[in-house]
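Below, each chain spelled out in residue letters.
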Amino acid sequence: MDSLLVYGSYGYTGRLIAREAVARGGSPVVAGRDGRAVAEQADALRVEGRTVDLAADDLERRLRPFDAVLNCAGPFVETAGPLVDACLETGTDYLDITGEFPVFERLRQRDEQAREARITLLPGVGFDVVPSDCLAAFLNEQLPAADQLRLGIKGGGGLSRGTARTMLEHLGDGGVVRRNGRLIQVPTAFRSREVDFGDGPEHAVTIPWGDVVTAAHSTRIESIEVYAAAPSWADRALSAVDSLGWLLERGPAERVLKRLIDARLEGPDDRQLATGSAVVWGEVTDEATGRRAQARLRTPNPYALTVESAVAAAQRVLEGGRVPAGFQTPASAFGSEFVLELSATERELVETPAESGGQAAAIGESERPSPVEPR
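Every chain is numbered independently, its residues counted from 1 as its sequence is written. This being a predicted model, a pLDDT of at least 70 is required before a residue's local features are given, and a value of 80 or more before pairs of side-chain atoms are given or counted; all residues contribute to the totals for chains, interfaces and linings. With hydrogens and water excluded, all non-hydrogen atoms of the structure serve as input to the side-chain values.

In the annotation of an unreviewed UniProt entry, the entry for the protein reads Saccharopine dehydrogenase NADP-binding domain-containing protein, and the organism field reads Natrinema thermotolerans.

Written out as structure tokens, the structure is:
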């Protein structure tokens, strides 16, 4: 990994990723806009550090020596664009650990440019969306005629400062699903259903997870929803979040919340990283025949998985010739079994009953979904 630049390397997840890359014998160059933080980290890891400002005129020059960039700096809706622009000019492969669906959609739309430049655009090489993307591809292999995909996420283990700030950026934006090939804006938690994550049915609500873009690329399925486990009272609470958008558009309120995040959050400690876990559930359906397939995937703490999967993905991209050019997802780049190569992951195919209980109703006219464009 001597030709890898890790941007945003001194944030919580970036630090873990840089440390893991060095532990594997690599010599990544750590980078970010805070020169002091970069220098301290570079000295500690005994690697090269570089101050990189995404708004600088010489960004392309700074990226040109590298074969790949791994972006760990969120919100990615702000950092992905400048880095991808520079990568297209310099022939540098791009990876990141985003979970923001607008970023996935923006990069998907640059597929042709990336092919012409002969580079790989590979966002989402962390917990968002490696396990869910690989599970979606696996289920599609079980039922190739499937035209509907439902995914569910259950997990914990704490939040990093960067993740919390990204969530704040999108608070009040509502939700999104894919319907007949189009991204549709919907209210937050607009739909609920029961999902069996392994211990019996649990309440879950829709969330704007990146698979509404990535799973469509990996499977060609055109109707996709993603759910997260949540208590039943959360439906109204999460729906009320949509009404907060006007408040967060006011600078003082947003600044106060960001200061609270910076003061209170760091990220999971070593014990949480070692003991935390998550479950990803998935179901595909062939509406014409009624056939279904379900599976579950158990993973370690989402941050622990992110560290291992991001470094493994960067290694594969740097090997050259194994990952196609253009926009890719973890499953389209590495196959559905990629997630099982990571530590402490376990997949099971679930026997489905003749009839599905807890299915959500179809979108009603009262919900007024509307097409959405990425920000």
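A. Broad picture of the overall build of the protein. Counting its secondary structure elements, the protein contains 15 helices and 17 strands. Relative accessible area decides the class of each residue, using a 1.4 Å probe on protein chains only: under 20% of the type maximum gives buried, over 50% gives exposed, and in between gives partly exposed. By the burial criterion, 53% of the 375 residues in the protein qualify as buried. A contact between two residues is defined here by any heavy atoms of the two lying within 4.5 Å. A fraction of 75% describes how many contacts in the protein between residues 6 or more apart in sequence connect residues 24 or more apart. What sets the accessible areas is the Shrake-Rupley method with a 1.4 Å probe; for residues, cover comes only from the shown protein chains. If you sum the accessible surface of the protein, you get close to 16800 Å²; carbon and sulfur atoms cover 47% of it. Each helix is a run of H or I in the DSSP string that is no shorter than four residues. Each strand is a run of E no shorter than two, and both are numbered from the N terminus.

B. Expanded view of helix H4 (residues 76-90). Residue count minus one, scaled by 1.5 Å, sets the expected span of a helix. Helix length check: H4 (15 residues) gives 20 Å between terminal C-alpha atoms against 21 Å at 1.5 Å per residue, within 8%. Of the positions making up H4, those classed as buried are Phe76, Val77, Thr79, Ala80, Leu83, Val84, Ala86, Cys87, Leu88 and Thr90.

C. Spotlight on the packing of aromatic side chains. Between the rings of Phe, Tyr and Trp (Trp by its six-membered ring), a pair exists once the centres lie within 6.5 Å; its type follows the angle of the planes, with under 30 degrees stacked, over 60 edge-to-face, and the other angles tilted. All told, the structure shown has three aromatic pairs when counted by the stated rule. A centroid spacing of 6.4 Å and a plane angle of 90 degrees characterise the contact between phenylalanine 127 and tryptophan 209, whose relative ring orientation is edge-to-face. Of this pair, phenylalanine 127 sits in the loop between strand E6 (120-122) and helix H7 (130-142) while tryptophan 209 sits in the loop between strand E11 (201-206) and helix H9 (211-219), and the two are 82 residues apart along the sequence. In this pair, the class of phenylalanine 127 matches that of tryptophan 209, namely buried. The side chain of arginine 347 reaches across the aromatic face of phenylalanine 138, ending 3.6 Å from its centre. Each ring is checked for a lysine NZ or an arginine CZ that lies within 6 Å of its centre and within 35 degrees of its normal; such an atom marks a charge sitting over the ring.

D. Layout of the pattern of salt bridges. By salt bridge we mean one thing: a side-chain nitrogen of Lys or Arg within 4 Å of a carboxyl oxygen of Asp or Glu. In total, this model carries 19 salt bridges according to the counting rule given. Two residues, glutamate 348 and arginine 296, come together in a salt bridge whose shortest N-O distance is 3.0 Å. With glutamate 348 in strand E16 (residues 346-350) and arginine 296 in strand E14 (residues 291-300), this residue pair connects regions lying 52 residues apart in the sequence. When its relative accessible area of 29% is taken as the criterion, glutamate 348 is described as partly exposed. In this structure, a network of salt bridges that share partners links the residues Arg150, Arg179, Arg191 and Glu225.

E. Representation of the packing of helix H5 (residues 101-108) against H9 in the model. All axes here are fitted lines through C-alpha atoms, helices being fitted over the stretch that makes contact, and every angle between N-to-C directions spans 0 to 180 degrees. Contact geometry of H5 with H9 gives a least axis separation of 8 Å together with a crossing angle of 40 degrees. Here H5 is positioned oblique relative to H9, judged by the angle of their axes. Side by side, H5 and H9 meet where Phe101, Phe104, Glu105 and Arg108 of the first sit next to Val212, Val213 and Thr214 of the second. Split into classes, the residues belonging to the contact of H5 with H9 amount to four nonpolar, one polar and two charged. Note that the term roughly parallel is reserved for angles under 35 degrees, roughly antiparallel for angles over 145, roughly perpendicular for angles of 65 to 115, and oblique for everything else. For this scheme, ten residues count as nonpolar: Ala, Val, Leu, Ile, Met, Phe, Trp, Tyr, Cys and Pro. Four count as charged, namely Asp, Glu, Lys and Arg, and the remainder, Gly too, count as polar.

F. Broad picture of the packing of H4 against H5. The geometry of H4 relative to H5 is characterised by a closest axis approach of 9 Å and an angle of 20 degrees between their N-to-C directions. Between H4 and H5, the crossing angle belongs to the class labelled roughly parallel. Our pair here, H4 against H5, has a crossing hand that is right-handed. Across from Phe76, Val77, Ala80 and Val84 in H4, the residues of H5 making contact are Val103, Arg106 and Leu107. Taken together, the residues of the contact of H4 with H5 break down into six nonpolar, no polar and one charged. Put simply, a crossing is left-handed when the front helix is turned counterclockwise from the back one by less than a right angle, and right-handed when it is turned clockwise.

G. The arrangement of the sheet that holds E6 in detail. We treat two strands as partners when DSSP finds at least two bridges between them. Taken in spatial order, the seven strands of this open sheet run E3-E2-E1-E4-E5-E6-E15, and their pairing is parallel. The two strands at the open ends of the sheet, each matched to only one other strand, are strand E3 (49-51) and strand E15 (326-327). Here strand E1 (residues 4-7) runs beside strand E4 (residues 68-71); their pairing, made up of four bridges, is parallel. If you follow valine 6 over to E4, its bridge partner there is leucine 70.

H. Summary view of unusual backbone geometry. At the junction of glycine 74 and proline 75, the peptide bond is cis and its omega measures out at 0 degrees in the coordinates. Assignment of secondary structure puts proline 75 in the loop between E4 and H4. A cis geometry characterises the amide bond from aspartate 128 onward to valine 129, with omega recorded as 10 degrees. With respect to the helices and strands, valine 129 occurs in the loop between E6 and H7. A positive phi angle, close to 55 degrees, is found at asparagine 180, a residue other than glycine. Mapped onto the elements of the fold, asparagine 180 is located in the loop between strand E8 (175-179) and strand E9 (182-186). When its relative accessible area of 58% is taken as the criterion, asparagine 180 is described as exposed. Of note, alanine 189 is a non-glycine position whose phi angle comes to about 50 degrees, a positive value. If you trace the backbone, alanine 189 turns up in the loop between E9 and strand E10 (192-196). The exposure class assigned to alanine 189 is buried, which follows from its relative accessible area of 7%.

I. Structural context of the pairing of strand E12 (residues 223-229). The buried fraction of E12 amounts to six of the seven residues, a majority that puts the element mostly inside the structure. Where strand E7 (residues 148-155) meets E12, six bridges bridge the pair, whose relative direction is parallel. In the strand pairing of E12, glutamine 148 is matched with serine 223. As judged from the three bridges shared by E11 and E12, these two strands associate in the antiparallel manner. Within E12, the residue paired with alanine 204 across the bridge is alanine 229.

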